[in-house]
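# Working through the structure, step by step
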Amino acid sequence: MTANAKNGVWGADRPIGVAVLGMGNVGAEVVRILREHAEDLRARVGAPLVLRGVAVRDLGPDRGVPRDLLTTDADALVARADVDLVVEVIGGIDPPRRLIMAALNAGKSVVTANKALLADYTGELAAAAEHSRADLYFEAAVAGAIPVVRPLIQSLAGDRVNRIVGIVNGTTNFILSAMDETGAEYSDTLAEATRLGYAEADPTADVEGFDAAAKAAILASLAFHTRVTAADVYREGISRITSEDLETASALDCTVKLLAICERVSAGPGEPSPEDGGKERVSVRVYPALIPRRHPLAAVTGAFNAVVVEAENAGRLMFYGQGAGGAPTASAVLGDVVMAARNKFYGGRAPGESVYAELPIAPIGDTPTRYHVNLQVEDRPGVLAKVAGEFADHGVSISTVRQEGHGSGARLVVVTHHAEESALVDTVAALAEMTSVTSVTSVLRLEGTEE
Ligand code: NDP
Ligand code: HSE
């Protein structure tokens, strides 16, 4: 008998039955690793992990696994008495929500990579897990292979996280990096991303920021001990970014990235400050923004992801790696499978949901950021002063102004100091009405500067 078997409450010869729901990009790799590394996994857990079945939609294709492992009846697979641990890698809300709830209600451990589901239903899933004392793990749901969920839940459990800034969507990072490097337009780089298999046939979830918003909601919930759902996240995608935006960013020694930002901000207007017993708030937002090329996230190119966490005592931590792909994502799933299986073997439990802080969500309108405003203007004396006057009239302070081109091609590129979104929106509306402003070509936020 091994030391593990001696210490365990499960019994070294008693297998831990695993059901895998879904055998697509991620599920196929989960199944491969479970089968190829069965002996190592047994040694790490203390008991054998036995694959009881794999649920798919279509039994037709040869998937390189014995046919009798495959089923289209995921509900029946989850309900099997010899299944102790369920891996959900189907994606979407239904049927995963129903299947995971069934597993948790039956006291079975669940590992999922499903950010869309978690961003809206973590409360329901966590309550079911708590009720039946089951485990719910989801490391792969944010930034694929990169360990960021567990560091937030466990390693930083004794610290206070103030801010998270991340590139958490590989498809959009691939597109923006390619636009930056080649000067190509958005539509051409999206076509290239689709050809290379980064972007899906319907790229909406990635390019419009829904995928990143779901991940931001999960990160913010963990970091601030507050339930944040996808609806709480302010979201803008990258589909309106042009090669000209990248060009003007470059002239400022910046690039453009789709950022997920989760941070503590001060109490709302008219409310007492945290020092006076009021509550600070949480701002969670996803949008394309300029960042200086010297910023660590500017060096994250291609389909890679990175997450920077700032904590009161730990300081700044950066996590970098592959945020998507079958094998990288399966690596994170298997890490969770081993954790959940060890808990069965030794009798431990995954940490439950922590939402004790219940911080209010700050609306985007009162979250100050810096802005980069690009204007097509008439090239004649006094225009710059009038443009500057509109910023001043709305209480928006200008940091720099640069003129590019001349005559009918004259452009003004204005960079502001921190300003509230509502003030900037009013400024832009006023600028658009000016006869000397031909058009407001773009308004982008600027992040990652000290000012
Ligand atoms: P895929 O679309 O490649 O695979 C989905 C799988 O689920 C397929 O095998 C499909 O069966 C199966 N399936 C769909 N509906 C059902 C159903 N009703 N019953 C049983 N099986 C069903 O998805 P991915 O592998 O790319 O993603 C899976 C999850 O992992 C998602 O939540 C995703 O967000 C997450 N994720 C994915 C990453 C990635 O890089 N792909 C990265 C991080 C997270 P069939 O094969 O028969 O069609
Ligand atoms: N579609 C996502 C991305 C991977 O492009 O990063 C799954 O989260």
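Residues numbered from 1 in each chain as written. Chains lettered and ligands numbered in written order. Predicted model: local features only at pLDDT ≥ 70, side-chain atom pairs only at ≥ 80, totals over all residues. Heavy atoms only, no water.

### Points about the overall build of the protein chain
For clarity, the cut-off: In this description a helix means any DSSP run of H or I spanning at least four residues, a strand means any run of E spanning at least two, and both kinds are numbered starting from the N terminus. For a compact globule the rule gives 2.2 Å times the number of residues to the power 0.38, and the radius of gyration it is set against comes from C-alpha atoms. Accessibility here uses a 1.4 Å probe with only protein chains present; expressed as a share of the type maximum, an area under 20% marks a residue as buried, one over 50% as exposed, and anything in between as partly exposed. Computed by Shrake-Rupley with a 1.4 Å probe, the accessible areas treat only the displayed protein chains as cover when residues are assessed. For the charge count, each Lys or Arg is scored as positive and each Asp or Glu as negative, with His and the chain ends excluded. Where a charge lies is defined by one atom per residue type: Lys uses NZ, Arg uses CZ, Asp uses CG and Glu uses CD.
In terms of helices and strands, the protein chain carries 15 helices and 16 strands. Over its C-alpha atoms the protein chain spans a radius of gyration of 25 Å, differing by no more than 12% from the 22 Å that the globule rule assigns to 451 residues. On the principal axes, the C-alpha backbone points of the protein chain span a range of 85 × 55 × 35 Å. Split into buried and exposed, the 451 residues of the protein chain put 52% on the buried side. Of the roughly 19,100 Å² of accessible surface on the protein chain, 50% is carried by carbon and sulfur atoms. Of note, the protein chain has its 41 positive side-chain charges centred 7 Å away from the centre of its 59 negative side-chain charges.

### What about helix α14 (residues 383-393)?
Convention followed: The arc in question is traced by the directions running from the helix axis to the C-beta atoms. Residue contacts are counted whenever heavy atoms from the two residues lie within 4.5 Å of one another.
Every buried residue of α14 is listed here: Val383, Val387, Glu390 and Phe391. Looking straight down α14, one finds its buried side chains confined to an arc of 100°; they lie on one side. Residues of α14 that are exposed and point more than 90 degrees away from the buried face comprise Ala385, Ala392 and Asp393. In the core, the buried residues of α14 are packed alongside β13 (370-377), β14 (398-404), β15 (411-416), α15 (421-433) and β16 (437-446). The positive-phi residue at the C-terminal boundary of α14 is glycine 395, with phi of around 75°.

### Some words on the sheet that holds strand β4 (residues 85-88)
Stated precisely, the cut-off is as follows: Only strands joined by at least two bridges in the DSSP assignment are considered to pair.
Read from one edge to the other, the open sheet built from six strands follows the order β3-β2-β1-β4-β5-β6, with strand pairing classed as parallel. At either margin of the open sheet sits one strand with a lone partner, and together these are β3 (70-71) and β6 (136-137).

### Describing the site of ligand 2
Note the threshold: The near set for a molecule or strand comprises every residue that places at least one heavy atom within 4 Å of it. Two N or O atoms count as a polar contact when they lie within 3.5 Å, although within protein this holds only if one can serve as hydrogen donor and the other as acceptor, and sequence-adjacent residues are included solely when both atoms are side-chain atoms. For this classification, Asp, Glu, Lys and Arg are treated as charged, while Ala, Val, Leu, Ile, Met, Phe, Trp, Tyr, Cys and Pro are nonpolar and the rest, including Gly, are polar.
Taken together, Lys115, Asn169, Gly170, Thr171, Asp206, Asp211, Lys215 and Ala324 form the complete shell of residues around ligand 2. Lysine 215 places a side-chain nitrogen or oxygen 2.8 Å from an oxygen atom of ligand 2. When ligand 2 is considered free in solution it has 260 Å² of accessible area, and contact with the protein chains removes 82% of it. For the shell around ligand 2, the residue count by class is one nonpolar, three polar and four charged.

### With respect to the site of ligand 1
With respect to spatial proximity, 21 residues lie near ligand 1, and among them Met23, Arg57, Asp58, Arg63 and Gly325 are the closest. The backbone of valine 26 places a nitrogen or oxygen atom 2.9 Å from an oxygen atom of ligand 1. When ligand 1 is considered free in solution it has 900 Å² of accessible area, and contact with the protein chains removes 77% of it. Residues belonging to the shell around ligand 1 are distributed by class as follows: ten nonpolar, seven polar and four charged.

### Some details on unusual backbone geometry
A cis amide bond links aspartate 94 with the next residue in sequence, proline 95, at an omega value of 10°. Looking at the secondary structure, you find proline 95 in the loop between β4 and α5 (96-105). With a phi angle near 60°, aspartate 253 is a residue other than glycine that sits in the positive phi range. Using a relative accessible area of 49% as the deciding quantity, one classes aspartate 253 as partly exposed.

### Here we look at the packing of aromatic side chains
Note the cut-off: Planes of paired rings set the category: under 30 degrees apart is stacked, over 60 is edge-to-face and the rest tilted, where pairs are Phe, Tyr or Trp rings (Trp by its six-membered ring) whose centres lie within 6.5 Å. By definition, being over a ring means that NZ of Lys or CZ of Arg is both within 6 Å of the ring centre and within 35 degrees of the ring normal.
Inspection of every chain in the model, using the stated rule, returns three aromatic pairs. Each ring, one from phenylalanine 345 and one from tyrosine 346, has its centre 5.0 Å from the other, and the planes form 90°; the classification is edge-to-face. Residue classification places tyrosine 346 among the partly exposed residues on the basis of a relative accessible area of 34%. Residue placement shows arginine 14 over the ring face of tryptophan 10; its charged tip is 3.6 Å from the ring centre. The ring of phenylalanine 210 is capped by arginine 235, whose NZ or CZ atom sits 3.8 Å from the centre of that ring.

### Re the pattern of salt bridges
Here is the rule we go by: Each reported salt bridge corresponds to a side-chain nitrogen of Lys or Arg within 4 Å of a carboxyl oxygen of Asp or Glu.
Under the definition given, this model contains 28 salt bridges. Ionic pairing is found between aspartate 75 and arginine 98, a salt bridge with its closest N-O pair at 2.8 Å. Linking aspartate 75 in helix α4 (residues 74-79) with arginine 98 in helix α5, this pair joins segments that are 23 residues apart in sequence. Taking relative accessible area as the criterion, arginine 98 reaches 44% and is therefore assigned partly exposed. A salt bridge links arginine 160 to glutamate 312, with the shortest nitrogen-to-oxygen separation between them at 3.3 Å. Here the residue arginine 160 occupies a position in the loop between α7 (149-155) and β7 (161-167), and glutamate 312 occupies one in the loop between β11 (304-311) and β12 (315-322), the gap between them amounting to 152 residues. Residues joined by salt bridges that share partners form a network here, namely Arg160, Arg264, Glu280 and Glu312.

### Structural notes on the pairing of β4
By the alternation rule, side chains of β4 split into Leu85 and Val87 and Val86 and Glu88, which are all buried. Bridging between strand β1 (residues 16-21) and β4 involves four bridges; their strand directions are parallel. Considered in β4, the bridge of leucine 21 is made with glutamate 88. Across four bridges, the pairing between β4 and strand β5 (residues 109-112) is parallel. Residue pairing for β5: valine 87 is matched across the bridge by valine 111.

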